[in-house]
Amino acid sequence: MAKLSIVEAINLALRQEMKRDKSVLVLGEDVGVDGGVFRATEGLLKLFGKERVIDTPLSESGIIGTSIGLAIAGMKPVAEIQFDGFIYPGFDQLISHAARMRTRSRGAYSCPLVVRAPYAGGIKALEHHSESMEALYRHIPGLKVVIPSTPSDAKGLLISAIRDPDPVLFLEPKRLYRALREEVPEKEYLIPLGRSKIVQEGSDVTVVSYGASMHETKKALAELNEKFSIELIDVRTISPLDDETIITSVKKTGRCVIVHEGPRSCGLAAEIIARINEKALLSLKAPVVRVTGFDTVMPLAKLEWEYIPTVSRIKKAIFEVTAF
Amino acid sequence: MREECDAMPKKVIQKFEVKFLEILGENGTCDENIKPQISSKVLLEMYKWMFLGRVFDNKMFSLQRQGKLGTFAQTKGHEAVQIGAAFALKKEDWLVPYFREQLITLIRDVPMENILMYYTGDERGQQYQKGWNVLPVCIPVATQLLHAVGMAWAFKLKKKKNVVLAFCGDGATSEGDFHEALNFASVFKVPVVFLCQNNQYAISVPLKKQTASETLAQKAIAYGMSSLKIDGNDIFAVYKGVKEAVELARKGKGPSFLECLTYRVTDHTTSDDASRYRPIKEVKIWEARDPILRLRKYLEKKKLWNKKKEGILYQDVQKKVNTAVKKAENVSAPSFEDMFRYTYKEMTAELKEELDYLKKVKNDEK
Ligand SMILES: Cc1ncc(C[n+]2csc(CCOP(=O)(O)OP(=O)(O)O)c2C)c(N)n1
């Protein structure tokens, strides 16, 4: 087994799916000759040719809108949007059409497409290159939203996303693209969408996170594992949300901390807290605490680590719920 | 072009042409009769600005490579476009840039140290002052063009004489916002001039893959707009083209579109590696067409410039640039409170609560 980074795992998943299924196409800005600005599509053009690996004109509405048509007519487009901050020219296509085609046609048509985009901060990037706006997409009925945090999850989830009968937004934590490596099986495997993962079992407190924040969360836990027995859950798919795993865990521990980088208000944590209130309120021994980004514009490089949930903020929250 | 599929005779009801403006030849020669009226003093000023822009750009690049500056898009090679355009404007005219116009913003009194701060990720570098008449750097491609149209519209409604000059790249012409901006501008006949820096690449995508149009200038014709293609490495042509367009706009005769043909001799940004997608041979050809070199050759022919003057200018500009670098380096780090300050005019109660929380975290960390 090879040790791969997240980018390499994504590349491998794309390669394998394109080989398996001739209807899978990759399209986007700079995905062909350049192999994508993060190199996620590197080498695909050479393997599959320019009819299946397409450098498009600079137009996100064009990319997502035509992907919808391609999908309706039987292709399986995997569109890359260079950064999540540039989805917005194509947002109308995503919200008004990709996510509603099945409903609008009473099930006659569907949009089995994937939109991949790097998201979240921590790489000292320019404006609009660092936001975590996943909650916007969680609000879109008909769209699935997947956010992996490890190379092996990235591979298995992307393959599932490509084979899924519905449109999937696949957000990739860009600061983790090359930050970690792990063994990723070469052979085909699928990780079902809508299932979260218990990364570590524990009985004192449940910590829930996903995507970019998983990295800091794991670091915080490494510093606290001797003090507390912590259960760590990686949500992996924020839409649909697997609340069963979270609820079962919270019923066991009675305490919960939720970590995400997106803005605080109406973020994923708010939804998870609501579900805990609905389904496990009486098991709670302490108020649930969330560690999130702020309701401000994501700052540039000099202040981005004031915005991003840090190890110290996550630890503080864990102390708070356990001391309650 | 459309292929005719049958022999059915059809009437021609519209015909279009695209004009190209070039004045200053590659070796610095030009027909003085068509050269725009620019005094020697102003010509030298233009040259000095171009030169400053190049030195500053090189400095930014070297700072970036030393890890002292974040990602940025170089202006190198775009000096004739930006300085030619800047000199064709009046002080009260507005500039709407995208992200490759450090040079033209310098002319607007934006200090070099501000630009440096911004590209280290210190947003205080974008603290715009009254009178600069320039909008902040705009990264989402083509979106700024609509703002330019709106501003020009406001000037028209207020019966003011200001003109708005909006920049975009060749890649931007593929975005919907580009077309919406041109359409609105023409429909409402507002005093805006669109200047497209056609540097022939949008990151790795060459123009021929970006569009099937032979020129970008012809896209504007479809919106009923006056349009011109210009040699963008020829500062006389840019100056003249922009001047004409700005005057039309000022007289209430509507918007114009200018396609300035140049070449991105650098990587797209400092994060890019252009050798992955284009031959170095092509870059060399365009390096030889350098816009600064071209003006220098002209000035030398006119005995307005020489090696000695160039040496003195270099010293002078180096000094200015280095002073700015020092200033930027000596700025103290921004405080986390800065992050909350500009979300709304008045900080909301919920933001105050978030700020208090962060203050407490920072305090506990001490
Ligand atoms: C809406 C949007 N999509 C994608 C990007 C990423 N991106 C940044 S610059 C660029 C290419 C721009 O090319 P062009 O308009 O020709 O201007 P140039 O950089 O060549 O001056 C791309 C794709 C972006 N900034 N905004």
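Here the structure is a predicted model, which means the values were calculated and not measured.

Moving on: the domain arrangement of chain B. Think of interface size as the accessible area that goes away when the parts come together; that is how it is often given. Segmentation of chain B into domains returns domain 1 (15-333) and domain 2 (335-366). Computed from C-alpha atoms alone, the centre-to-centre distance between domain 1 of chain B and domain 2 of chain B is 38 Å.

Here we take up the site of the ligand. Of all residues adjacent to the ligand, which total 21 residues, the nearest are A:E60, B:Y98, B:R100, B:G171 and B:Y201. The local environment of the ligand is shared, drawing residues from chains A and B. In the environment of the ligand, an oxygen atom lies 2.6 Å from a nitrogen or oxygen atom belonging to the side chain of B:Y98. Contact distances for the ligand include 2.9 Å between a nitrogen atom and a backbone N or O atom of B:I139. Protein contacts shield 97% of the accessible area of the ligand, which totals 580 Å² for the unbound molecule. Its residues assigned to classes, the shell around the ligand comprises eleven nonpolar, five polar and five charged.

In this structure, A:P240 follows A:S239 across a cis peptide bond, with omega equal to 0 degrees. Tracing the backbone through its elements, the reader meets A:P240 in the loop between β12 (237-239) and α9 (243-253). A positive phi angle is found at B:N133, which is not glycine, with a value near 50 degrees. Along the chain, B:N133 falls in the loop between α4 (112-119) and α5 (144-157). Assessed through its relative accessible area of 13%, B:N133 is described here as buried. Residue B:A142 is not a glycine yet carries a positive backbone phi of 75 degrees.

Moving on, we get to the interface of chain B and chain A. Taken residue by residue, the interface counts 41 residues in chain B and 37 residues in chain A. Taking both sides of the interface into account, the surface hidden between chain B and chain A amounts to around 3300 Å²; carbon and sulfur atoms contribute 58%. Sorting the residues of chain B by area buried against chain A places B:I139, B:R276 and B:M339 first, and these three jointly supply 20% of that buried surface. If you look at where chain B meets chain A, you find five salt bridges. Ionic pairing is found between A:D34 and B:R276, a salt bridge with its closest N-O pair at 3.1 Å. Across the chain B-chain A interface, the total number found is twelve residue pairs in polar contact (both at pLDDT 80 or more). Counting residues per element, the side of chain B that touches chain A draws most heavily on helix α14 (residues 349-365) of chain B, at ten residues. Within the side of chain B that touches chain A, the residues separate by chemical class into 19 nonpolar, nine polar and 13 charged.

We now examine the layout of surface pockets. Considered as a void within the structure, the second largest pocket measures approximately 410 Å³ in volume. Lining the second largest pocket are 26 residues, and of these A:K302, B:K68, B:L69, B:Y119 and B:T120 lie nearest its centre. Among the secondary structure elements, those contributing two or more residues to the lining of the second largest pocket are α4 and α12 (307-329) of chain B. By residue number, the principal contributor to the lining of the second largest pocket is α4(B), which donates four residues. Split into classes, the residues belonging to the lining of the second largest pocket amount to 15 nonpolar, six polar and five charged.

Residues and elements named next belong to chain A. On domain assignment, one finds that chain A holds domain 1 (2-184) and domain 2 (197-323). Computed over C-alpha atoms only, the centres of domain 1 and domain 2 are separated by 26 Å. In this complex, domain 1 contributes 30 residues to the contact, which on the side of domain 2 involves 30 residues. Buried surface at the junction of domain 1 and domain 2, summed over both partners, amounts to about 2300 Å²; 54% is from carbon and sulfur atoms. Taken together, domain 1 and domain 2 are joined by four salt bridges. Here E261 and R175 are joined by a salt bridge, their closest N and O atoms 2.8 Å apart. Our count for the domain 1 to domain 2 interface comes out at 15 residue pairs in polar contact (both at pLDDT 80 or more). Those elements that provide at least two residues to the side of domain 1 that touches domain 2 are α6 (134-138), β6 (144-146) and α7 (151-163). Here the residues of the side of domain 1 that touches domain 2 sort into 16 nonpolar, six polar and eight charged.

Turning our eyes to something else, we now look at the pattern of salt bridges. Here the structure, examined in full by the defined rule, presents 42 salt bridges over all chains. Note that A:E172 is salt-bridged to A:R116, the shortest N-O span being 2.6 Å. Here the residue A:E172 occupies a position in strand β7 (residues 168-173), and A:R116 occupies one in strand β5 (residues 114-119), the gap between them amounting to 56 residues. A single burial state applies to A:E172 and to A:R116, both of which are buried. Between B:R264 and B:D272 there is a salt bridge whose closest N-O contact spans 3.7 Å. Exposure class is identical for B:R264 and B:D272. Each is buried.

As a further point, take empty space enclosed by the protein. All names here are of chain B. Counting across every chain of the model gives three cavities of 30 Å³ or more. Each pocket or cavity is described by its volume, and for the largest cavity that value is around 140 Å³. Along the walls of the largest cavity sit 16 residues, with T105, I115, Q126, Y128 and V137 positioned nearest its centre. Those elements that place two or more of their residues in the lining of the largest cavity are α3 (102-107) and α4. Here the lining of the largest cavity takes three residues from α4, the largest share from any one element. A per-class count over the lining of the largest cavity returns ten nonpolar, four polar and two charged. In this structure, the second largest cavity occupies an estimated 50 Å³ of space.

Right, let's get into the sheet that holds strand β3 (residues 53-55) of chain A. Residues and elements named next belong to chain A. Spatially, the seven strands line up as an open sheet ordered β3-β2-β4-β5-β7-β6-β12, and their pairing is mixed. Unpaired on one side and paired on the other, β3 and β12 mark the two borders of the sheet. Each strand of the sheet is rotated relative to its neighbour by a mean of 20 degrees, with strand direction disregarded. In the packing of helix α1 (residues 6-20) onto the sheet, contacts are made with β2 (24-28), β3, β4 (76-80), β5 and β7, and the angle to β2 comes to roughly 135 degrees.

Let's shift gears to the packing of helix α8 (residues 213-224) of chain A against helix α12 (residues 311-323) of chain A. Residue and element names in this part refer to chain A. In contact at an axis separation of 8 Å, α8 and α12 are set at 55 degrees when each is read in the N-to-C sense. Accordingly, the angle class assigned to the pair α8 and α12 is oblique. Seen along the crossing, α8 lies across α12 with a hand that is right-handed. Side by side, α8 and α12 meet where E216, T217, K219, A220, L221, E223 and L224 of the first sit next to V311, I314, K315, I318 and F319 of the second. Of the residues in the contact of α8 with α12, the class split is seven nonpolar, one polar and four charged.

Thresholds applied
Residues numbered from 1 in each chain as written. Chains lettered and ligands numbered in written order. Predicted model: local features only at pLDDT ≥ 70, side-chain atom pairs only at ≥ 80, totals over all residues. Heavy atoms only, no water. Domains from an automatic or database assignment. Near = heavy atom within 4 Å. Polar contact = N/O pair within 3.5 Å; in protein donor to acceptor, adjacent residues only side chain to side chain. Areas by Shrake-Rupley, 256 points an atom, 1.4 Å probe, with all protein chains shown as cover. Nonpolar A, V, L, I, M, F, W, Y, C, P; charged D, E, K, R; others polar. Helix = DSSP H or I, 4+ residues; strand = E, 2+ residues; numbered from the N terminus. Buried < 20%, exposed > 50% of the residue type's maximum accessible area, 1.4 Å probe, protein only. Contact = heavy atoms within 4.5 Å. Buried area = accessible area lost by both parts, 1.4 Å probe. Salt bridge = Lys/Arg side-chain N within 4 Å of Asp/Glu carboxyl O. 1 Å grid on protein atoms, 1.4 Å probe; cavity = no way out; pocket = protein on both sides within 12 Å on 5 of 7 lines; lining within 4 Å. Points joined across faces, edges and corners; volume = space filled by probe spheres on them. Pairing = 2+ DSSP bridges. Axes fitted to C-alpha atoms, helices over the stretch in contact; angles between N-to-C directions. Parallel < 35°, antiparallel > 145°, perpendicular 65-115°, else oblique. Left-handed = near helix turned anticlockwise from the far one by under 90°.

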